[in-house]
Amino acid sequence: MLTALAILTDGLVYAAYLFLVAVGLTLIFGVMKILNVTHGSFYAFGAYGAATAVGIYYDRGLPEAGGFLFMVLLAMAIGLVLGFVLERGVLRLVYGKDEVVIVLVTYAVFLMLEDVIVLIWGPRSYGAYQPMVAAGSIEIGDLVLSNYDILLVAIAALVAVVSYWALKYTRYGRLLTVVIFNRETAAAFGVNVTLVYTVTFVIGAMLGALGGAMMAPKISVTLGIGVEVIVLAFAVVATGGMGSIEGALIGALIVGICRAAAVHLVPQLELFVIYAVMALVLIFRPYGLFSRAAPRKI
Amino acid sequence: MLSRAHITGALAFAAVAAVAPALPPWLVSLATIAFANALVVLGLIILWRAGLVPFGQALFYAVGAYAVALISRYTSWRDVFLLVAIGAVAAGLIAFLIGFLLARYRDIFFAMLSLALSMILYGILVKTETLGSTDGFNVEPGTFFGYRPRGAALNLALFWLVLALSAVAAFLISLYFKSVAGTLAVPVRDNEIRLEFLGVSVNRLIHLKLVISGILAGVGGALAALAVAHVDPNMAYWTTSGGFVFVTILAGAGSVAAAFVGSLVFELLRSIAVDLVPGTWQIILGSALLLTILFLPEGLGSLFQRLRRAPQKTSAGTAR
């Protein structure tokens, strides 16, 4: 019973993390049809930015909740700048090329940004554990839960709700949906697709950085953290259906719970299970759980 | 069947093999790895011509490498020809099996699924103690039909082996490109539905291409395992696959020779970049990739074709 409960809570926390890193990726793919490898860099920059913010803020006797806020805001500001520079500076040059070629462009930028991190923050690793310690923990029965984990789940849920609401009920969200369905028709009806692209990419980048910032207190912020996140986020997005926010949510939950079950029951399968779930889903639903049928062009 | 390109290629391989003993040892080692990887890239070019980019080709590479490593660990077989053959068969078999699944996918989905499959192997390798876990394990030095070279002689012998296999592979693949199945790659890329209406099974065509490229990657991995004398799970990680795709873009899918030249250029670029600016070599690699995509979308191979075409263009006047 305890194991089942532990699997559920661990799975939820891991799913929250997966959703936070996957939602930006799926948004960018849905709107721009770009599979953005640079998303791993957004995550890494977010985490490093958060670590810097924590280093500046804590140990100064300022209120602790403010430190968390400062950390998240700084990371998202970094994401905003990075996303804007990339979209206007690089991606703009390659729109219209093959989808696969654009993946490689983002891969090239990812390689470069990996070294930019070394140039800015150096090769050492950073800890940003203070917000996690400050949050404390609660006990429910025999189960000890970190309040920070609960916050993580809450923020992931908030992001899910806000993005769902924004897509369905705001003017900008509806424009976005139009562009997702058909870019050319949208442009013909006067939607400023260029602007939509820039804004979408920047929001996606900020979400990636938010994911990094939220995870920074839980991990050691060190070189190469972006590399692993990319494939994880890809797996989640592919499981759920690329470009679908609901898909990212369901994909994150499935993958998160399956991984937690593996960790508690058969630890050897931990890494294996994530991709096995994805492969299994793709065998039966080739384009993911929440994919739309695409018209065949002859 | 033998064209001028074949003869030029054979002469080039023979010339490299002849000067190898005079080359500095670091260059021989570098070229060995470069040509072993070029075989993987050759497989990627086959798929690339049909519009498919596998982001998980390291799967077959690692299968080839681990097949060699496991056999040299648990049996007394040491003959490199046998080991490479087993690596090729193992990778080809895996490619054949997962081909039933993978051949149904196109575009990004093909790339993603092949990525996922290679990451499954990575996960298994990392978590399995008997397969060496994260450290991997060493590969015993091989023998060549009873000949047991050591030290520099072994490196040279391995280089000649890689060259010989590369020459054979280059010849066979150039024949494949001229065959019906090979020339159908471009129509697959352009419009496969039309091809289906002409009575061609595109899935089977792609399945065949997958098996060929899997075998090539297996041979490359087996050779790399012998050359480095070590295998570890990173051989199956997605960054390894990314490196192969990188070289494919750099080389371009225009010709078989491009794979070898491109792979050599990539290894040289990487070792020079690591040497000159150890902290920032990825910036150089990334910029090289970006510049290639922006200004030389057909790869380095197209540079030669442009040079070859240039005199004709002037004689034909200002056609373009």
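1. Some thoughts on the pairing of strand E1 (residues 137-140) of chain A
With four bridges connecting them, E1 of chain A and strand E2 (residues 143-146) of chain A associate as antiparallel partners. The residue bridging Glu139 of chain A from the neighbouring strand is Val144 of chain A, located in E2 of chain A.

2. Observations regarding the environment of Ala4 of chain A
Along the chain, the position of Ala4 of chain A falls in helix H1 (residues 2-32). The spatial distance from the C-alpha of Ala4 of chain A to the C-alpha of Leu62 of chain A is 40 Å, given a sequence separation of 58 residues.

3. Some points on the packing of helix H11 (residues 245-265) of chain A against helix H12 (residues 270-284) of chain A
The angle between the axes and the distance between the axes are what describe a pair of packed helices. All names here are of chain A. With their axes 9 Å apart at the nearest point, H11 and H12 run at an angle of 150° to one another. Considered as vectors, H11 and H12 are oriented roughly antiparallel to each other. Both H11 and H12 take part in a crossing whose hand is right-handed. Across the interface between the two elements, Ile254, Val255, Cys258, Arg259, Ala262 and Val263 of H11 pack against Glu270, Val273, Ile274 and Val277 of H12. Residue composition of the contact of H11 with H12, grouped by class: eight nonpolar, no polar and two charged.

4. With respect to helix H9 (residues 202-228) of chain B
Residue and element names in this part refer to chain B. Relative to the 39 Å expected for 27 residues at 1.5 Å per residue, H9 spans 38 Å between its end C-alpha atoms, a close match to the ideal helical length. With respect to burial, H9 is a largely interior element, 21 of its 27 residues being buried. Where H9 ends, the next residue or the one after it, Ala229, has phi of about 60°, a positive value.

5. Re the confidence of the model for chain A
Here chain A averages 86 in pLDDT, while 97% of its residues score no lower than 70. For chain A, helix H5 (residues 130-135) of chain A is the element with the lowest average pLDDT, namely 78, and helix H9 (residues 193-215) of chain A is the one with the highest, namely 91.

6. What about the packing of helix H2 (residues 39-57) of chain A against helix H4 (residues 99-121) of chain A?
All names here are of chain A. The N-to-C vectors of H2 and H4 enclose an angle of 15°; their axes lie 9 Å apart at closest approach. With respect to H4, the element H2 is oriented roughly parallel. Crossing of H2 over H4 shows left-handed handedness. Across the interface between the two elements, Gly40, Ser41, Ala44 and Tyr48 of H2 pack against Phe110, Leu113, Ile117 and Trp121 of H4. In terms of residue class, the contact of H2 with H4 is built from six nonpolar, two polar and no charged.

Conventions adopted
Residues numbered from 1 in each chain as written. Chains lettered and ligands numbered in written order. Predicted model: local features only at pLDDT ≥ 70, side-chain atom pairs only at ≥ 80, totals over all residues. Pairing = 2+ DSSP bridges. Helix = DSSP H or I, 4+ residues; strand = E, 2+ residues; numbered from the N terminus. Axes fitted to C-alpha atoms, helices over the stretch in contact; angles between N-to-C directions. Parallel < 35°, antiparallel > 145°, perpendicular 65-115°, else oblique. Left-handed = near helix turned anticlockwise from the far one by under 90°. Contact = placed C-beta atoms within 7 Å. Nonpolar A, V, L, I, M, F, W, Y, C, P; charged D, E, K, R; others polar. Expected span 1.5 Å × (residues − 1). Buried ≥ 20, exposed ≤ 12 C-beta atoms within 10 Å, placed from the backbone. pLDDT = per-residue confidence, 0-100.

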